[in-house]
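In case you want the letters, here they are:
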Amino acid sequence: DADSTAKPADLTGYTRVRQDLVAPPFAPAHEQVATGGPKIIEITMETEERLIVVDEDTGASVWALTYNGSVPGPLIICHEGDMIELTLRNPEDSTMEHNIDFHASTGALGGGGLTHVYPGEETVLRWKATKPGCFTYHCAPGGAMIPYHVTHGMNGAVMVLPRDGLKDKDGNALRYDKIAYIGEQDFYLPKDENGDFIAYEAAGDDYADSLEAMRTLTPTHSVFNGAVGALTGEGALKFKVGETVLMIHNQSNRDSRPHLIGGHGNFVWETSFSDLPMTGLETWFVRGGTAVAAMYTFEQPGVYAYVNHNLIEAALLGATAHFIVEGPWDNNLMEQVVAPRSFSA
Amino acid sequence: DADSTAKPADLTGYTRVRQDLVAPPFAPAHEQVATGGPKIIEITMETEERLIVVDEDTGASVWALTYNGSVPGPLIICHEGDMIELTLRNPEDSTMEHNIDFHASTGALGGGGLTHVYPGEETVLRWKATKPGCFTYHCAPGGAMIPYHVTHGMNGAVMVLPRDGLKDKDGNALRYDKIAYIGEQDFYLPKDENGDFIAYEAAGDDYADSLEAMRTLTPTHSVFNGAVGALTGEGALKFKVGETVLMIHNQSNRDSRPHLIGGHGNFVWETSFSDLPMTGLETWFVRGGTAVAAMYTFEQPGVYAYVNHNLIEAALLGATAHFIVEGPWDNNLMEQVVAPRSFSA
Amino acid sequence: DADSTAKPADLTGYTRVRQDLVAPPFAPAHEQVATGGPKIIEITMETEERLIVVDEDTGASVWALTYNGSVPGPLIICHEGDMIELTLRNPEDSTMEHNIDFHASTGALGGGGLTHVYPGEETVLRWKATKPGCFTYHCAPGGAMIPYHVTHGMNGAVMVLPRDGLKDKDGNALRYDKIAYIGEQDFYLPKDENGDFIAYEAAGDDYADSLEAMRTLTPTHSVFNGAVGALTGEGALKFKVGETVLMIHNQSNRDSRPHLIGGHGNFVWETSFSDLPMTGLETWFVRGGTAVAAMYTFEQPGVYAYVNHNLIEAALLGATAHFIVEGPWDNNLMEQVVAPRSFSA
Ligand SMILES: [Cu+2]
Ligand SMILES: [Cu+2]
Ligand SMILES: [Cu+2]
Ligand SMILES: [Cu+2]
Ligand SMILES: [Cu+2]
Ligand SMILES: [Cu+2]
Ligand SMILES: [Mg+2]
Ligand SMILES: [Mg+2]
Ligand SMILES: [Mg+2]
Ligand SMILES: [Mg+2]
Ligand SMILES: [Mg+2]
Ligand SMILES: [Mg+2]
Ligand SMILES: [Mg+2]
Ligand SMILES: [Mg+2]
Ligand SMILES: [Mg+2]
């Protein structure tokens, strides 16, 4: 792809900054409206192959393939016109080759063709964010290894903000107070003849069995942030009435349909930030291989469940998170006029 | 959720009216453009657990969980700014707890948190319709009971019209002559070891088997209005050339893709009525957990099949309705120039 | 449907032209902006039932049902306001009845009701293209034969261009250099008790087994242009940097989500050409039973994989094509700053 006769890049006018990536569901420090000129944003990601428990109830586990140890990988944020300069390291104790394909980038299979790192190798890739929107990134080593790595957790999202920030249909600024970065992961965990999930000794040992399970196109789990219940209980996200959340939903492989029970998608960008946001949605759509953004301002306190609204996937496969919102109840929006009571027919 | 220290609702300026709900595929009496000020619309729904035959050919049946006895539950219609005041009753001879989550509402899990009624109980919930669009409602008792109740028929739709009615992209009024309210229901009916559908004695007896069937994510049936053929033959809908139909498609759990064979979606609102309608669609999309609206004006007589255009689901799983249209044929739009005849090659 | 009392069509002002259809992934000769008045475009299609190898590796094969011998059938192109006049022939050595349903047309089940041809029969149907967009056509003989014929390859696409061509949101002309016409075909190939694909002796012999396989809703293959690898290797499409491709994706039965690895959908029409194009998409959506168009201008040389971004379907089921692009690499868009090298932690 890249050829040695190509002209060197012209980096004049760019300022170098470092972005410290953080674990999901959180977002790195960033500006919503860009100040100053375009930036070269330096980030580092290290691949990690680690055994994670997907569901404590059944003991289902997987040798996850990850960027920086989390499923999904960390959220990266930049503005349109910035460049991302990634150092990708694959530690020596890995068992597999990895790489990275950024949907936000242009050429070389999204960088996948230029970033194949074997255990003990590192590489540096720089690419320009020319299109605003939320975009998936994922490992794509080639052939059947592509869905194998992606369905073992090796994916995440980049958000490329417009330089002047998000806007509604009339051009008014839209600002958020917090980001909830949610990666939905479809796992296809092999079972033995008794129907029990198989435990494997090392990363990669489940390869043949996994391919067979993947061909069913029916995941055994579809979880947020790596495990059933990762974002409920202790992991629930906290908000206040009047706060605005930007929900970034990444699904690198399979369609999803997020819904915030008790709330809405006030503004939803399913496609890109160069398209006007859709408004007032009950449920929005994640084309498999896409990251999307949805914005909501809380009007009522209480527990909100954020789910994949295939309710089987939400309740039985794991696709449920909780948002806990504090503040005063508004009886004008909803009122329990008569609490449940006996009646005679 | 609702707390006792909250300020009382301010209901000044609202007029109370009663909406008599009717069985699908029909719509309650309503205005397309609101007259007068905002209304508090009183409705009553009663849960009913009843055995229905899903497919007469195979005898497949289900102990359906319903609102007002029908699958889907009745269509509710209001205008943006109105309030819905629902009395929900669960009769004493029920076997299960039920509640209701309105996607159109705000807070308390869409009202689900405030409406849990056990057999013999009633409750009253009032909520304000702040966002225009078609929205799903469904039972959501908690945990695995959520998809269990939803996939046993306990769902329906609310249409929240803009106060000044529907409009095209240029702001011109769009009016319909009739509504076709269609609920697509995915059933996951358990089979015995011979592959025959199991008959159960009472509602709830299929719980464990159903969860197992649901995990396949592959429905045994996907029917319109509760049964294979409910909207064909005697149940077919009737129209005239020149009439405009508003097709409201509710699917509370699973994606669908409606198509009107021989016609189009002239105007389609997949997201909300606060977004401009899409135009000239061959097939539109229902994000699982969504109700959508599509408008078409008939230009030709004949039989139109309204289907989920996964044609396997249409032809083998039951997702087919018929619209019968009377009027003059227009040879300018289509002409059989040569009827089928023998030819020699 | 068509009745004998209907007024004859008024064909004054139309010019008759002939469109010579070509095999996919290519497009027939056509104008992007219409010159002159409306046209009656005469085309001929012949059904052909033929054994094709779907996957050379496994020997999986199918008695495909086709229009003009290819899967998908040929791309037809016209402008809004034109009429298509199709002669459809079913040769005497066929085993089955066929017909055609054009989603772009109006009435008579899209023409399906007027075009049933038995082996040895021909028919002529004329219909007016009143709505601009890309539209599926497919065989629809009735009942279970509908999904059977469609999932055996009997489908294709019509593109109805606006008379003044495609435009961006601001009304600027959008022109393409080449069309890549891709039909994604979900096959449900029956297996024997050993898990081997069954070979059948003649078209139609797989009917009962196929229906059983189709009920799983899980295809064994999802291929571009009839076979695994049809559009890779020798079949890869060729482009140059700076060229603009219009990718037309037809899926007559099942949802898909195309993605161009290393590129984007600069302009995407998921619904119709009467809606503004969406912009800057990573992955777009094909509602099952839809043809869509996406436009991209290549900025980098190299191999691009065009996939259904359910990566399991892309890598294991066959939904992958290759675009090979020549030209100079642009280090400003992407640069391999450090090639993979060893590092010590
Ligand atoms: Cu990897
Ligand atoms: Cu990708
Ligand atoms: Cu219930
Ligand atoms: Cu819901
Ligand atoms: Cu056919
Ligand atoms: Cu069709
Ligand atoms: Mg680009
Ligand atoms: Mg490799
Ligand atoms: Mg995106
Ligand atoms: Mg609200
Ligand atoms: Mg409960
Ligand atoms: Mg809706
Ligand atoms: Mg029409
Ligand atoms: Mg027939
Ligand atoms: Mg189309």
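Figured I'd write up the structure that's included with this text.

The next thing to look at is the overall build of chain A. Of regular secondary structure, chain A possesses 3 helices and 22 strands. Dimensions of chain A along its principal axes, counting C-alpha atoms only, are 85 × 60 × 30 Å. When the accessible surface of chain A is split by element, carbon and sulfur atoms take 49% of a total near 11400 Å². Placing the 22 positive and 46 negative side-chain charges of chain A at their respective mean positions leaves the two points 9 Å apart.

A few words now on the sheet that holds strand β15 (residues 244-251) of chain B. Residues and elements named next belong to chain B. Here we have 6 strands laid out as an open sheet, ordered β13-β12-β15-β19-β17-β18, and mixed in their pairing. For this open sheet the edge positions go to β13 (221-224) and β18 (278-281), each flanked by a neighbour on one side alone. With strand direction ignored, the average angle separating the axes of adjacent strands in the sheet is 25°. Of the strand pairs in this sheet, strand β17 (residues 265-269) and β18 are connected by 3 bridges, and their pairing is antiparallel.

Mapping chain C onto chain A calls for a screw motion: a turn of 120° about the axis and a shift of 0.0 Å along it, with 0.0 Å RMSD after fitting. Expressed as a symmetry operation, the mapping of one chain copy onto the other fits a three-fold axis. Relative to the rotation axis, the closest C-alpha in chain C is found at T218(C), a distance of 5.1 Å. Take the interface residues of chain C: only 4% of them recur as interface residues in chain A, which is what a contact between different surfaces looks like.

Turning to the coordination of the copper ion (ligand 6), a few remarks are in order. Looking at the copper ion (ligand 6), the protein donor atoms are H309(B) (NE2), H103(C) (NE2) and H138(C) (NE2), and they sit 2.0 Å from it. Taken as a pair, H309(B) in the loop between β20 (302-308) and α3 (311-315) and H138(C) in strand β8 (residues 133-138) lie in two separate chains rather than in one. A relative accessible area of 1% means that H309(B) is categorised as buried.

What follows concerns the sheet that holds strand β14 (residues 237-240) of chain A. Residues and elements named next belong to chain A. The sheet built from 4 strands is open, its strands ordered β14-β21-β20-β16 with mixed pairing. Where the open sheet ends on each side, the last strands, each with one partner, are β14 and β16 (258-261). This sheet shows a mean twist of 25° between the axes of neighbouring strands, independent of strand direction.

Accessible area lost upon the coming together of the parts is a frequently used measure of interface size. Contact with chain C, which involves 51 residues of that partner, is made by 67 residues of chain A. Between chain C and chain A the total buried area reaches about 4700 Å² when both faces are included, carbon and sulfur atoms providing 56% of it. For chain C, the biggest contributors to the area lost against chain A are E282(C), M334(C) and F343(C); these three give 16% of the whole. Where chain C touches chain A, the interface holds 5 salt bridges. The residue D275(A) makes a salt bridge to K169(C) at a minimum N-O spacing of 2.5 Å. Remark: the boundary between chain C and chain A carries 30 residue pairs in polar contact (both at pLDDT 80 or more). Residue assignment for the side of chain C that touches chain A shows that the elements contributing at least two residues are β16 (258-261), β18 (278-281), β20 (302-308), α3 (311-315) and β22 (334-342) of chain C. With 9 residues, the top contributor of residues to the side of chain C that touches chain A is β22(C).

Turning next to the environment of K240(C). All names here are of chain C. Position of K240 relative to the elements: it lies in strand β14 (residues 237-240). The sequence separation of K240 and V325 amounts to 85 residues, and the corresponding C-alpha distance is 5.0 Å. Leaving out residues up to four positions away in the same chain, K240 has contacts with F298, V325 and E326.

A word on the packing of aromatic side chains. Within this structure, the stated rule accounts for 37 aromatic pairs over all chains. For the ring pair Y148(C) and Y207(C), a centre distance of 5.0 Å and an interplane angle of 75° mean the geometry is edge-to-face. Separated by 59 residues along the polypeptide, Y148(C) in helix α1 (residues 145-150) and Y207(C) in helix α2 (residues 207-214) bring together distant segments of the chain. For Y148(C), a relative accessible area of 1% puts it in the buried group. Since its relative accessible area comes to 26%, Y207(C) is described here as partly exposed. Here the aromatic cluster, defined as three or more aromatic residues joined through ring pairs, consists of F224(A), F239(A), Y296(A), F298(A), Y304(A), Y306(A) and F323(A). The aromatic ring of F343(A) is capped on one face by R89(B), whose charged end is 5.6 Å from the ring centroid.

A separate point is the pairing of strand β19 (residues 290-297) of chain B. Residue and element names in this part refer to chain B. Where burial is concerned, most of β19 is hidden: 7 out of the 8 residues are buried. Where β15 lies against β19, 8 bridges are found, and the strand directions are antiparallel. Within β19, the position partnered with N250 by the bridge is A291.

M45(A), Y67(A), I76(A), I100(A), F102(A), W127(A) and Y137(A) are the most contacted members of the largest nonpolar core, which totals 34 residues. Sorting the residues of this core by element identifies β2 (39-55), β3 (60-67), β4 (76-79), β5 (83-90), β7 (121-128), β8 (133-138) and β9 (155-161) of chain A as the ones contributing at least two each. With sequence-adjacent residues up to four places away left out, W127(A) is seen in contact with D82(A), M83(A), I84(A), F102(A), A104(A), S105(A), V158(A), L333(C) and M334(C).

Below, the discussion takes up the interface of chain C and chain B. Taken together, the contact pairs 67 residues of chain C with 51 residues of chain B. Here chain C packs against chain B, burying approximately 4700 Å² in sum over the two surfaces, 55% of which is carbon and sulfur. The interface formed by chain C and chain B includes 5 salt bridges. Inspection of the region where chain C meets chain B yields 30 residue pairs in polar contact (both at pLDDT 80 or more). Contributions of two or more residues to the side of chain C that touches chain B are made by β5 (83-90), β7 (121-128), β8, α1, α2 and β19 (290-297) of chain C. For the side of chain C that touches chain B, a count of residues per class yields 26 nonpolar, 24 polar and 17 charged. With 6 bridges joining them, strand β22 (residues 334-342) of chain B and β7(C) adopt antiparallel strand pairing. Note on β7(C): the bridge partner recorded for E335(B) is R126(C).

Reading guide: rules and limits
- Residues numbered from 1 in each chain as written.
- Chains lettered and ligands numbered in written order.
- Predicted model: local features only at pLDDT ≥ 70, side-chain atom pairs only at ≥ 80, totals over all residues.
- Heavy atoms only, no water.
- Helix = DSSP H or I, 4+ residues; strand = E, 2+ residues; numbered from the N terminus.
- Areas by Shrake-Rupley, 256 points an atom, 1.4 Å probe, with all protein chains shown as cover.
- Lys, Arg positive; Asp, Glu negative; His and termini not counted.
- Charge placed at Lys NZ, Arg CZ, Asp CG, Glu CD.
- Pairing = 2+ DSSP bridges.
- Axes fitted to C-alpha atoms, helices over the stretch in contact; angles between N-to-C directions.
- Least-squares fit on C-alpha atoms with pLDDT ≥ 70 in both.
- Contact = heavy atoms within 4.5 Å.
- Donors = N, O, S within 2.8 Å, 3.2 Å for Na, K, Ca; no water.
- Buried < 20%, exposed > 50% of the residue type's maximum accessible area, 1.4 Å probe, protein only.
- Buried area = accessible area lost by both parts, 1.4 Å probe.
- Salt bridge = Lys/Arg side-chain N within 4 Å of Asp/Glu carboxyl O.
- Polar contact = N/O pair within 3.5 Å; in protein donor to acceptor, adjacent residues only side chain to side chain.
- Phe/Tyr/Trp six-rings, centres within 6.5 Å; stacked < 30°, edge-to-face > 60°.
- Lys NZ or Arg CZ within 6 Å of the ring centre and 35° of its normal.
- Core = buried A, V, L, I, M, F, W, Y, C linked by side-chain atoms within 4.5 Å.
- Nonpolar A, V, L, I, M, F, W, Y, C, P; charged D, E, K, R; others polar.

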